[in-house]
Amino acid sequence: MYYLNFLTQVHERLQPRNYLEVGIRNGGSLALSRCRSVAIDPAYSITAELNAPVSLFRTSSDEYFSREDPLLPTGGQPFDLAFIDGLHLFEFALRDLINAERHASSRSMIIFDDVLPRTIDEAARVRHTTAWTGDVYSILGVIAKYRPELSVITIGTLPTGLLMITGLDPSSTVLSDHYTEILEEFRHPDPQPVPQYVLDRLTIASPEKVLDSGLLELLAEADPSITPDELRPRLTSLIESTLGRAYAPGRGIAS
Ligand SMILES: C[S@@+](CC[C@H](N)C(=O)[O-])C[C@H]1O[C@@H](n2cnc3c(N)ncnc32)[C@H](O)[C@@H]1O
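What you are looking at is a predicted structure, and each value in this text was computed from that prediction instead of being measured. (Residues numbered from 1 in each chain as written. Predicted model: local features only at pLDDT ≥ 70, side-chain atom pairs only at ≥ 80, totals over all residues. Heavy atoms only, no water.)

### Some words on the layout of surface pockets
Unfilled space is identified by rolling a water-sized probe across the atoms. Here the largest pocket is characterised by a volume of approximately 750 Å³. If you go around the largest pocket, you meet 36 residues; those closest to its centre are Arg25, Asp85, Gly86, His88 and Asp114. Only helix H1 (3-14), helix H2 (61-65) and helix H3 (90-102) provide two or more residues apiece to the lining of the largest pocket. Of the residues contributing to the lining of the largest pocket, the split by class is 13 nonpolar, 13 polar and 10 charged. Approximately 170 Å³ is the volume found for the second largest pocket. Thr8, His11, Glu12, Gln15, Pro16, Leu32, Arg34 and Cys35 together form the lining of the second largest pocket. (1 Å grid on protein atoms, 1.4 Å probe; cavity = no way out; pocket = protein on both sides within 12 Å on 5 of 7 lines; lining within 4 Å. Points joined across faces, edges and corners; volume = space filled by probe spheres on them. Helix = DSSP H or I, 4+ residues; strand = E, 2+ residues; numbered from the N terminus. Nonpolar A, V, L, I, M, F, W, Y, C, P; charged D, E, K, R; others polar.)

In structure tokens form, the structure reads like this:
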């Protein structure tokens, strides 16, 4: 399944009230949103027809999230869904994750693009291929080590996979507290040491199974005031029973 077809279903079933997109380019993925949206890209050139009230920011995600109130366009409401597809360098993706979670709620979902490079060349930090994932894949190892309580599902969408993260905790400072040591451990010079389990696409969930799992409906129907501790056991039991134990928190692809 092509990633935009999968994301179409996510928007329809999750019914987010507020959507964040980092990395817009021509608006292909932004056009899927039907709700209040905040979209950030220093060099967007939108050709797609948009279908939602969108606040566009021609800036980097770092600059946007350094502003006094990044939730100003949503009237202070958290993002129920965030799609992170900006600069494909590990440290940028990590900061996008930290910022997206900080402005989410416990029932939100963050989706990363490009976590499954098909070759070592495609994962290079210094781009030299047409299709480029960069080293965003390193986010998998970071979550396995520092945030094993998160539910993480790597999805085999075309062309280069998606990473779905739930069980979020906007009050968590673990990643920002360990930012420097995380970079030391997980940022590597080229050629990238892409783990074999990533290249072989082991422990990848099929997009169809994820859509049929009931996960999106569970989040859509969750009480907005639910805490991470209340939601996580429900996520774990649903994911284990529909997708298998390999996807349970702490047991993901990189553990
Ligand atoms: C792969 S494209 C996005 C494609 C789009 N999400 C889609 O699926 O149709 C990546 C985009 O990230 C943008 N970008 C680069 N650096 C960025 C940054 N620091 N913050 C936000 N966006 C960035 C680029 O300008 C580019 O348009």
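### Describing the pattern of salt bridges
Opposite charge on two side chains lets them pair, provided their charged atoms get close. Considering all chains together, one arrives at 12 salt bridges under this definition. With a closest N to O distance of 2.6 Å, Glu122 and Arg118 form a salt bridge. Between Glu240 and Arg245 there is a salt bridge, with the nearest N and O atoms lying 3.9 Å from each other. (Salt bridge = Lys/Arg side-chain N within 4 Å of Asp/Glu carboxyl O.)

### Describing the packing of helix H4 (residues 138-146) against helix H6 (residues 179-186)
Relative orientation of the contacting elements H4 and H6 amounts to 125 degrees, with a least axis distance of 11 Å. By the criterion of interaxial angle, the relationship of H4 to H6 is oblique. Crossing geometry of H4 relative to H6 is assigned as right-handed. On the side of H4, the interface is formed by Ser138, Gly141, Val142, Lys145 and Tyr146, while H6 contributes Glu181, Ile182, Glu185 and Phe186. Residues that form the contact of H4 with H6 fall into these classes: 4 nonpolar, 2 polar and 3 charged. (Axes fitted to C-alpha atoms, helices over the stretch in contact; angles between N-to-C directions. Parallel < 35°, antiparallel > 145°, perpendicular 65-115°, else oblique. Left-handed = near helix turned anticlockwise from the far one by under 90°. Contact = heavy atoms within 4.5 Å.)

### Some details on the environment of Glu149
Relative to the helices and strands, Glu149 is located in the loop between H4 and strand S6 (151-155). On the basis of relative accessible area, Glu149 is assigned to the partly exposed category, the value being 30%. C-alpha separation for the pair Glu149 and Arg234, spaced 85 residues apart in sequence, amounts to 13 Å. If sequence neighbours within four positions are ignored, Glu149 has contacts with Arg232 and Pro249. A polar contact is formed between the side chain of Glu149 and the side chain of Arg147, at a distance of 2.7 Å. (Buried < 20%, exposed > 50% of the residue type's maximum accessible area, 1.4 Å probe, protein only. Polar contact = N/O pair within 3.5 Å; in protein donor to acceptor, adjacent residues only side chain to side chain.)

### Describing the site of the ligand
Taken together, 18 residues form the shell around the ligand, and within it Tyr3, Gly23, Ser29, Asp41 and Asp85 come nearest. In the environment of the ligand, a nitrogen atom lies 3.0 Å from a nitrogen or oxygen atom belonging to the backbone of Ser61. Asp85 places a side-chain nitrogen or oxygen 2.8 Å from a nitrogen atom of the ligand. Within the complex, 85% of the 600 Å² of free accessible area of the ligand lies under protein. Along the lines of polarity and charge, the residues of the shell around the ligand split into 8 nonpolar, 6 polar and 4 charged. (Near = heavy atom within 4 Å. Areas by Shrake-Rupley, 256 points an atom, 1.4 Å probe, with all protein chains shown as cover.)

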